[in-house]
Amino acid sequence: AIGEWDVEGGELTEFQKKYLEFYKSLYSYYTKLKDSLEVQRKGYPGMIYRKVAENIEDYISRLAGKKIYFVGFNALNYCEEKIIKPFIENGMGTIITDGDDYYFKDKQQEAGNFLRQLREKGFIKCDEEYGDFFGNGEKKITVISCPENVLQVKETGLLLDNLENYNDTAVVLADESLLIPMLNSLPTNLDKKDSADRKVNVTMGFPYTYSLVHNFITDLFNLHINRKNNSFYYKDVINILSNTFVQTIAKYKDIKSIINTEIYKLKKLYITIDDLSDIGKADFEKIKFLFNEDASSPKAFLVLCEDVINQLFDMEKFLEKELVREQVALSSFAKIINHFKDLSDKYDFVSNLNTLYKIYSKIIKSLLIILNQIQQRLANFLPFD
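Described in the following lines is the structure provided in the data block. This is a predicted model, so every value here is computed, not measured. (Residues numbered from 1 in each chain as written. Predicted model: local features only at pLDDT ≥ 70, side-chain atom pairs only at ≥ 80, totals over all residues. Heavy atoms only, no water.)

1. Some thoughts on the nonpolar core
One recurring pattern in soluble globular proteins: nonpolar side chains tend to sit buried together.
Moving on, step 1. Within the largest apolar cluster, 61 residues are counted, with the highest numbers of intra-cluster contacts made by Tyr208, Leu290, Phe291, Phe301, Phe333 and Tyr360.
Moving on, step 2. Element by element, the count of residues in this core is highest for helix 16 (residues 324-347), at eight residues.
Moving on, step 3. Aside from chain neighbours lying at most four places away, what touches Tyr208 is Val213, His214, Ile217, Ala329, Phe333, Tyr360, Ile364, Leu367, Leu368 and Ile369.
Moving on, step 4. With 20 residues, the next largest nonpolar core counts Val52, Ile60, Ile83 and Tyr130 among its residues. (Core = buried A, V, L, I, M, F, W, Y, C linked by side-chain atoms within 4.5 Å. Buried < 20%, exposed > 50% of the residue type's maximum accessible area, 1.4 Å probe, protein only. Helix = DSSP H or I, 4+ residues; strand = E, 2+ residues; numbered from the N terminus. Contact = heavy atoms within 4.5 Å.)

2. Structural notes on the pairing of strand 1 (residues 68-71)
Moving on, step 1. In strand 1, alternate side chains face the same way, and those of Ile68 and Phe70 are buried while those of Tyr69 and Val71 on the opposite face are not.
Moving on, step 2. Examined bridge by bridge, strand 1 and strand 2 (residues 93-96) share four bridges and lie parallel to one another. Counterpart to Tyr69 in the pairing with strand 2 is Thr94.
Moving on, step 3. Once you follow strand 1 into helix 4 (residues 78-89) and on to strand 2, the crossover reads as right-handed. (Pairing = 2+ DSSP bridges. Right-handed = clockwise from strand over helix to strand, strands pointing away.)

3. Some words on the packing of aromatic side chains
Moving on, step 1. In total, this model carries 17 aromatic pairs according to the counting rule given.
Moving on, step 2. For the ring pair Phe22 and Tyr23, a centre distance of 5.7 Å and an interplane angle of 80° mean the geometry is edge-to-face.
Moving on, step 3. On the basis of relative accessibility, which here comes to 43%, the residue Phe22 falls in the partly exposed class.
Moving on, step 4. Aromatic pair Phe232 and Phe291: ring centres 5.2 Å apart, planes at 85°, arrangement edge-to-face. With a gap of 59 residues between them, Phe232 in strand 4 (residues 231-233) and Phe291 in the loop between helix 14 (282-285) and helix 15 (298-313) connect regions that are remote in the sequence.
Moving on, step 5. Through a chain of ring-to-ring contacts, the aromatic side chains of Tyr208, Phe221, Phe301, Phe333, Tyr357 and Tyr360 assemble into a single cluster.
Moving on, step 6. One Lys or Arg, Lys85, reaches over the ring of Phe123 and ends 5.4 Å from the middle of that ring.
Moving on, step 7. The lysine or arginine in question, Lys139, covers the ring of Phe134, its NZ or CZ lying 5.9 Å from the ring centre. (Phe/Tyr/Trp six-rings, centres within 6.5 Å; stacked < 30°, edge-to-face > 60°. Lys NZ or Arg CZ within 6 Å of the ring centre and 35° of its normal.)

4. Remarks on helix 17 (residues 353-364)
Moving on, step 1. Across its twelve residues, helix 17 extends 17 Å between first and last C-alpha, which sits within 8% of the 16 Å expected from 1.5 Å per residue.
Moving on, step 2. For helix 17, the set of buried residues is Leu353, Leu356, Tyr360 and Ile364. For helix 17, the buried positions fall inside an angular range of 60° around the axis, keeping them on one side. Of the residues in helix 17, the exposed ones pointing more than 90 degrees away from the buried face are Lys358 and Lys362.
Moving on, step 3. Where helix 17 is buried, its residues touch helix 9 (212-225), helix 15 and helix 16. (Expected span 1.5 Å × (residues − 1). Arc of directions from axis to C-beta.)

5. Describing the side chain of Arg227
Moving on, step 1. With respect to the secondary-structure elements, Arg227 resides in the loop between helix 9 and strand 4.
Moving on, step 2. Despite being buried, Arg227 has no salt bridge partner; Glu293 is the closest side chain of opposite charge, sitting 5.6 Å away.
Moving on, step 3. Reaching out from Arg227, the side chain makes a polar contact with the backbone oxygen of Asn292 at a distance of 3.0 Å.
Moving on, step 4. With near-sequence residues (within four places) excluded, Arg227 lies in contact with Phe232, Asn292, Glu293, Asp294, Ala295 and Ser296. (Lys, Arg positive; Asp, Glu negative; His and termini not counted. Salt bridge = Lys/Arg side-chain N within 4 Å of Asp/Glu carboxyl O. Polar contact = N/O pair within 3.5 Å; in protein donor to acceptor, adjacent residues only side chain to side chain.)

Laid out in structure tokens, this is it:
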């Protein structure tokens, strides 16, 4: 209503009218999506939560005689409360929380707010005793000044190197982007047979967006999004040729410097494939497929990505242990591409490459590479046990 009211009394533009019409139609889109997903017995997390909450009595009768434990919860949302409370009230459910009297019993401690709310609402017993472990016992705290984040992990590596074993040692990173620098700063003797007490277990993932694979794919997108007909913007060309993976495929490390020098000699903003072929000669032939003229369309770009994935996984250099994290990142990217292809075959919903890139960027924002998922494969590699 506010959107349709103009203070100055002027008429809404055509764009504003369409914008408001779209918002008016959202409820019909929502209901149709919901109905369609229910037919397929599928749902997004919020929809599934709501479905269970609305039919909680049915679940209680179906699970009669069973004991349900809810573990790992702290702050409950509305649906979680609606789902968990009936099980507890019927004597079927128990919620198990982790806390400490130090902040649970002290109302001044914000860390205990949600646990106290659970107690007040009857989710946990009023006489719950966690034990006062945090507030008791002598503690030794050493503060080390480091001007930059990366220096923190370097110092941590030195501290770890002075320990005989890691049995009671945990490194907690406040910033997940420090995981890779931390792994690279670990002592170098972790893979030796006599260092059984100095093995490392990684329990977190690192963001896909910090991988070299993501940088490569972003450069590849830009190369084809910014192209004009059959010519490529010179900065995009230089970026793609600077990539380690492109040099791996070309099997020639200096291809970037050679072509870079020649591009500046040409004094062109946009470079053709013929220009690159003349400059790189035989070395360019191995990476010529990256400049495919058809790859400006979404479907053709997905095929190009498949070619890149296959080429890299077929190369011994890419399969070396130093690149194991990138192998996992590339596997994650392969899953994204397969998902895109399935959607594209069914709906053909993406009309241009720029839209495809925006969808890709949205998907990978919260994507984590879970290192422990490949623990078996890395049994003999540093720094994972």
